Amino acid sequence: MAAAEQAEAGEREAIRTTCPRDCYDACGIRVLRQDGQVLRVVGDRDHPVSRGSLCGKCALAYNGAWRDPGQRLATPLRRAGPKGSGRFTPISWDEALAEIAAHLKPLVEGGRADTILTAHYTGTCSALAGAFPMRFFNHIGATEVEPDTICNNAGHVALGYVIGGSAKGFDPRTIADSGCVMVWGCNPHAAAPHAHKHWLPERPGKLVVVDPIRTPTAAMADLHLQPRPGTDAALAFGLLHVLHREGLVDRAFLAEHCLGWEELEPLLPPCTPAWTEERTGVPAALVEQAARIYGAGPSMLWLGQGLQRQVRGGNIMRACAMLPAVTGNIGKPGTGIYYLNGKGATRNMDMDDVSGEGLRRAPRRSISHMDLVDRLRDAENSRALLLWNINIVASNPQQAALRQAMSSEGLFTVVIDLFATDSADLADIVLPAASFLEFDDLVASYMHLTVSAQAKAMEPVGQALPNQEIFRRLARAMGLTEPALLEEDRPILDRLLAGSGLGIDFDRLKQAGTVPFSPEPLILHADLRFPTPSGRIEIASAAAEADGFPRVPQPEADEPPAGGRLRLLSPASEWHMNSSYDNEPKIDRQAGPETLSLNPGDAARLGIAEGQAVLARNATGSLSFQARLDPWMLPGTALAPKGRWLKRSPQGANVNALNPGLRSDMGESTAVHCVEVEVLPAPA
Ligand SMILES: Nc1nc2c(c(=O)[nH]1)N[C@H]1C(S)=C(S)[C@@H](COP(=O)(O)OP(=O)(O)OC[C@H]3O[C@@H](n4cnc5c(=O)[nH]c(N)nc54)[C@H](O)[C@@H]3O)O[C@H]1N2
Ligand SMILES: Nc1nc2c(c(=O)[nH]1)N[C@H]1C(S)=C(S)[C@@H](COP(=O)(O)OP(=O)(O)OC[C@H]3O[C@@H](n4cnc5c(=O)[nH]c(N)nc54)[C@H](O)[C@@H]3O)O[C@H]1N2
Ligand code: SF4
Ligand SMILES: [Mo]
């Protein structure tokens, strides 16, 4: 335990580690131990972002379910009843791996590795547990369910057209130089709790939030623009109109660093504030104000992931990305456009090495999450499904159809998780994963430019193993001899750190916990050379055109739902991390019953009172909720945060029972914020 240090009085010691959840913050943690036993998991007061506190959900879960042997999966399991019965018998690791190998090997050797599907996402975001297993799948040539299509792929594709990539945003520390932070379609209060608590309140400039929901972050903003969902491109054009009219456009910047302004400019005159109000519902005066604040600069633009989960989400992201382009708010102190900060793009860590991109012997095979149900129904081409770091039954669209497809006896299913999730219940073999407290790894926040150690602080619960060790053992059980499949953790961690150029090894990083990638704030894109075909910011994009999109983004807006239906948003919940944590009893009490928030006017029209049971339904499914009347809710819009486990709900379903799996215009990605429902009082 190199990171052990004396803490407080007596025999206590503290291990420094890092939270690897899918969260912007990547908080520093201290694991307090006595005689080798963990007493408590608390925040690290020395961590620059979290400053000594964890968020409420992690403070409860890491001192509850995550260390509770009664809740954790402790041994490999084999199915002992019909699929989905949740009945399993414990078996040994050798038996489990031999059985998996017996199913996969003939497929690989018979040239049908493409019928082996793997889905994984960000259950843990540490480098090895998050990426190493892909070495196995790349090597055998399995079909990967494209991870980002369940989350943020439209944004990746869209920003690729404009600035050549989406993994290099701004260094949050440069906020000290900014006059405005615009947070668009993101809810830091839930998704980046410490950015909400410290980073935004300590800004020197103005905060503008664009969100159909009055989130706590929106409530603390200087200006909250509340567009109807899916109307953001029109709103962006309204802002561009005002910037243009007010002479706040940086023509020198446009001439030198952008391509295609002359194609965008003619689109702006009709997009007046009055037109914008009509299309988006945002009052014209607020459009004027927001444009002036952003245009005064220096301005930072944070584009959230919720923003692009729309059928025209790619166009929306491109339209929003016009703001820094036309005002030159990029590459200078206190400016920038941020979606994600990648480990490679902003910290020089070679993640392709970890995931074994070079191990593929045939072209990459992948499908969208939006096509998963159809693919699973095609039994000939879906023989095995391996899930790790993901709980698709809770998170994916077409919930009922997905469960049905996963119930097929012919689909050999393996689920690797810490807990007996709804997805695990549908497995043939369940494997217990070790938690982040139980092995060494590396964490690099996707917002803050930090590099952090995840340090082993306790022995694994039961026989649990880290993902990377599971896949090393599976490779051996399959008789695979490719050395990269068997590589131990330490050399990989050392290579990642060496790539980062920090000049420290993993033991020193463990002592420090978290180190900044650079001592001083970095100005990203300072050279104003962009990895687009032209090397400039592409306002007009030939690449987009070649892919069947307009050359420039369009001032479009979704129509409000017709027929009295409501547009149902199901973004991040403060008390869950996607579906993780719903099994923590204390969180269950905090989160309370599943609610549907709606505008009191809609409620009156629908005959619904506060606290009443309501039914939401559409062609995909139905689900009941407790109604919450909220005057801040926009008419025509409803809110039911994601994150519940199906089997913990009396209805055996969660909000994705209502999700048809619409896809966005770009990247075959989810349009989950476009779900429409009819809401009515629940039948008695
Ligand atoms: N309605 C609706 N649905 C949505 C969304 C929405 O906004 N609305 N958002 C979508 C988005 S953005 C995303 S990213 C997806 C996320 O959906 P998922 O990727 O399914 O995320 P989780 O539900 O957190 O499931 C992660 C699982 O990984 C497990 N896990 C944690 N650590 C480890 C580990 O070290 N090893 C292994 N093997 N497992 C581990 C956890 O216990 C958990 O069961 O959901 C999508 N679904
Ligand atoms: N507590 C907690 N933290 C999380 C997660 C979690 O589940 N819980 N999930 C993690 C994951 S996987 C991700 S991807 C990130 C996501 O974090 P965010 O980027 O914040 O994304 P969301 O929570 O999906 O949605 C953010 C906001 O977008 C708004 N929104 C929805 N539709 C529209 C629209 O049409 N226009 C505009 N302007 N806004 C819209 C929603 O109202 C919501 O407040 O958070 C991560 N952090
Ligand atoms: S989920 Fe986010 S806020 Fe909570 S402890 Fe982990 S990194 Fe911090
Ligand atoms: Mo996500």
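Being a predicted model, the structure only gives us computed values, none of them experimental.

About the thresholds
- Residues numbered from 1 in each chain as written.
- Chains lettered and ligands numbered in written order.
- Predicted model: local features only at pLDDT ≥ 70, side-chain atom pairs only at ≥ 80, totals over all residues.
- Heavy atoms only, no water.
- Salt bridge = Lys/Arg side-chain N within 4 Å of Asp/Glu carboxyl O.
- Buried < 20%, exposed > 50% of the residue type's maximum accessible area, 1.4 Å probe, protein only.
- Helix = DSSP H or I, 4+ residues; strand = E, 2+ residues; numbered from the N terminus.
- Pairing = 2+ DSSP bridges.
- Axes fitted to C-alpha atoms, helices over the stretch in contact; angles between N-to-C directions.
- Near = heavy atom within 4 Å.
- Polar contact = N/O pair within 3.5 Å; in protein donor to acceptor, adjacent residues only side chain to side chain.
- Areas by Shrake-Rupley, 256 points an atom, 1.4 Å probe, with all protein chains shown as cover.
- Nonpolar A, V, L, I, M, F, W, Y, C, P; charged D, E, K, R; others polar.

(A) A look at the pattern of salt bridges. If you walk through the whole model with that rule in mind, you get 48 salt bridges. A salt bridge links E459 to K456, with the shortest nitrogen-to-oxygen separation between them at 3.2 Å. With relative accessibility at 24%, the residue K456 sits in the partly exposed group. With a shortest N-O distance of 3.8 Å, R490 and D494 are connected by a salt bridge. Highlighted residues: R490 and D494, both in helix α23 (residues 489-500), separated by four residues, approximately one helical turn. Salt bridges sharing partners connect three or more residues here, namely E469, R472, R473, E488 and D489.

(B) Structural context of the sheet that holds strand β20 (residues 450-454). One open sheet accounts for three strands, arranged β19-β20-β21; its pairing is antiparallel. Single-partner strands in this sheet number two, and they are β19 (441-443) and β21 (514-516). For this sheet, the mean inter-axis angle between neighbouring strands, taken without regard to orientation, is 20°. Across three bridges, the pairing between β20 and β21 is antiparallel. Bridging across to β21, T450 finds its partner in P516.

(C) The arrangement of the site of ligand 2 in detail. The environment of ligand 2 is formed by 35 residues, the closest being D211, D232, R309, H576 and N578. One of the backbone N or O atoms of A190 is found 2.8 Å from a nitrogen atom in ligand 2. Here ligand 2 loses 99% of its free accessible area of 900 Å² to cover by the protein chains. A breakdown of the residues in the shell around ligand 2 according to their chemical character gives 16 nonpolar, twelve polar and seven charged.

(D) Structural view of the site of ligand 3. In the vicinity of ligand 3, the contacting residues are C19, R21, C23, D25, A26, C27, L54, C55, K57, C58, P193 and H194. Broken down by secondary-structure element, the contributors of at least two residues to the shell around ligand 3 are α1 (56-61) and α7 (193-199). Residue composition of the shell around ligand 3, grouped by class: eight nonpolar, one polar and three charged.

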